[in-house]
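Each chain, letter by letter, is given below.
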Amino acid sequence: MERLPLVPTLTEAVHRYREQFPALLRVIALPALAHAVVLSVWYRTTQEDQLLVIFLWAVQGFLMTLAAISCHRVILLGAESVPSLGASGTTARDWRFIGIAAALFVVTNLLLQFATLAIFIPLGLLKPGLVPPGSEWTLPIARIAALPALYVACRYAICLPAMAIDRPLPPKEAWLRTRGHGMRLLLLIGVSPWLLHFIQRSLAGSFSSSADYVVAGNVLLWLLLPLEIALLSICYRRLG
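The text that follows walks through the structure, step by step, so that each part is easy to find. (Residues numbered from 1 in each chain as written. Predicted model: local features only at pLDDT ≥ 70, side-chain atom pairs only at ≥ 80, totals over all residues. Heavy atoms only, no water.)

On to the overall build of the protein chain. Looking only at helices and strands, the protein chain has 9 helices and 0 strands in total. Along the protein chain, helices (α) and strands (β) appear in the sequence α-α-α-α-α-α-α-α-α when read from the amino end. A buried classification covers 41% of the 240 residues belonging to the protein chain. Intrachain contacts of the protein chain at a sequence separation of at least 6 include 74% that bridge at least 24 residues. When the accessible surface of the protein chain is split by element, carbon and sulfur atoms take 70% of a total near 13,400 Å². (Helix = DSSP H or I, 4+ residues; strand = E, 2+ residues; numbered from the N terminus. Buried < 20%, exposed > 50% of the residue type's maximum accessible area, 1.4 Å probe, protein only. Contact = heavy atoms within 4.5 Å. Areas by Shrake-Rupley, 256 points an atom, 1.4 Å probe, with all protein chains shown as cover.)

Listed below in structure tokens is the structure:
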């Protein structure tokens with residue numbers, strides 16, 4: 001079985017992103033505007049109000065999920081397959097997609113917590129204080145700990161574009177279909193978002209004021225999000 005090609009897959013995703021850029025901007029415009037409103041409330045919220053923080057976090061995830069549905073359909077089916085304002089969250093397909101995304105998020109984070117503890121606890125037992133909180137080594141070690149969880153998530157992630165275009169893919173079939181492609185999926189849809197986020201933070205960091213940094217960072221977030229989704233869409237299509 002031929003393995004998922006890295007460079008052609010990446011090149012195709014970038015091409016589709018550029019080709020469909022106007023349509024992608026159209027379908028994410030409303031979620032992006034709503035997200036800006038959520039952020040404006042978020043930064044006025046004290047951390048003591050945990051219920052409001054959790055609610056705003058859930059709304060933020062909901063908006064990005066709607067944007068993902070719309071982008072998958074634009075990339076895989078064309079701009080005419082999506083309403084002018086994008087996915088509305090009112091169809092059974094939308095909620096099945098949200099359910100899959102939520103389940104994938106929960107499972108991935110449980111695996112991530114387990115992997116993190118499996119690394120940091122032995123380090124602390126072997127040599128207390130070796131990696132103190134806030135150490136410059138904390139983030140790199142946490143990134144390494146995240147890789148097994150990301151690997152599993154990437155194997156099942158093709159269920160998302162499948163659901164977005166009304167071709168549900170059972171988890172067992174997704175795991176079988178991605179057999180032999182796991183490491184390449186990890187690079188394409190697991191590690192590449194880290195690189196895009198690094199670019200986003202680096203560009204936003206060129207602004208001196210915190211307000212400008214937040215605005216620039218979120219504009220870049222929404223401009224790069226369709227590219228991340230395009231990568232997953234193309235991986236799904238090539239593995240289909």
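The subject of this paragraph is the packing of aromatic side chains. The full count for this structure, using the stated rule, is 4 aromatic pairs. The interplanar angle of 70° and the centroid separation of 5.5 Å between the aromatic rings of Tyr17 and Phe21 together place this pair among those described as edge-to-face. Measuring from centroid to centroid gives 5.5 Å for Trp57 and Phe105, while their planes differ by 50°, and the two rings are tilted. Placement of the pair is Trp57 in helix H3 (residues 50-77) and Phe105 in helix H4 (residues 92-126), with a sequence separation of 48 residues. Assessed through its relative accessible area of 45%, Trp57 is described here as partly exposed. The partly exposed category is assigned to Phe105, whose relative accessible area is 43%. Its guanidinium or amino end placed over the ring of Trp175, Arg155 lies 3.6 Å from that ring's centre, counting from NZ or CZ. (Phe/Tyr/Trp six-rings, centres within 6.5 Å; stacked < 30°, edge-to-face > 60°. Lys NZ or Arg CZ within 6 Å of the ring centre and 35° of its normal.)

As for its position among the elements, Leu66 is in helix H3. Using a relative accessible area of 7% as the deciding quantity, one classes Leu66 as buried. For the pair Leu66 and Ile28, spaced 38 residues apart in sequence, the C-alpha to C-alpha distance is 8.3 Å. Contacts of Leu66, omitting those with residues within four sequence positions, involve Ala87, Ser88 and Gly89.

Relative to the assigned elements, Ala87 resides in the loop between H3 and H4. Using a relative accessible area of 14% as the deciding quantity, one classes Ala87 as buried. With 19 residues separating them in the primary sequence, Ala87 and Ala68 have C-alpha atoms 8.8 Å apart. What Ala87 contacts, discounting residues up to four positions off in sequence, is Leu66, Ile69, Ser70, Val82 and Asp94.

The grouping of Trp57, Phe105, Val106 and Leu110 at the surface amounts to a nonpolar patch, some 420 Å² of accessible area in total. Here the nonpolar patch takes 3 residues from H4, the largest share from any one element. Its location among the elements puts Leu110 in helix H4. Taking relative accessible area as the criterion, Leu110 reaches 57% and is therefore assigned exposed. (Patch = residues over 30% accessible without salt bridge, like charges linked within 9 Å, V, L, I, M, F, W, Y side chains within 5 Å. Salt bridge = Lys/Arg side-chain N within 4 Å of Asp/Glu carboxyl O.)

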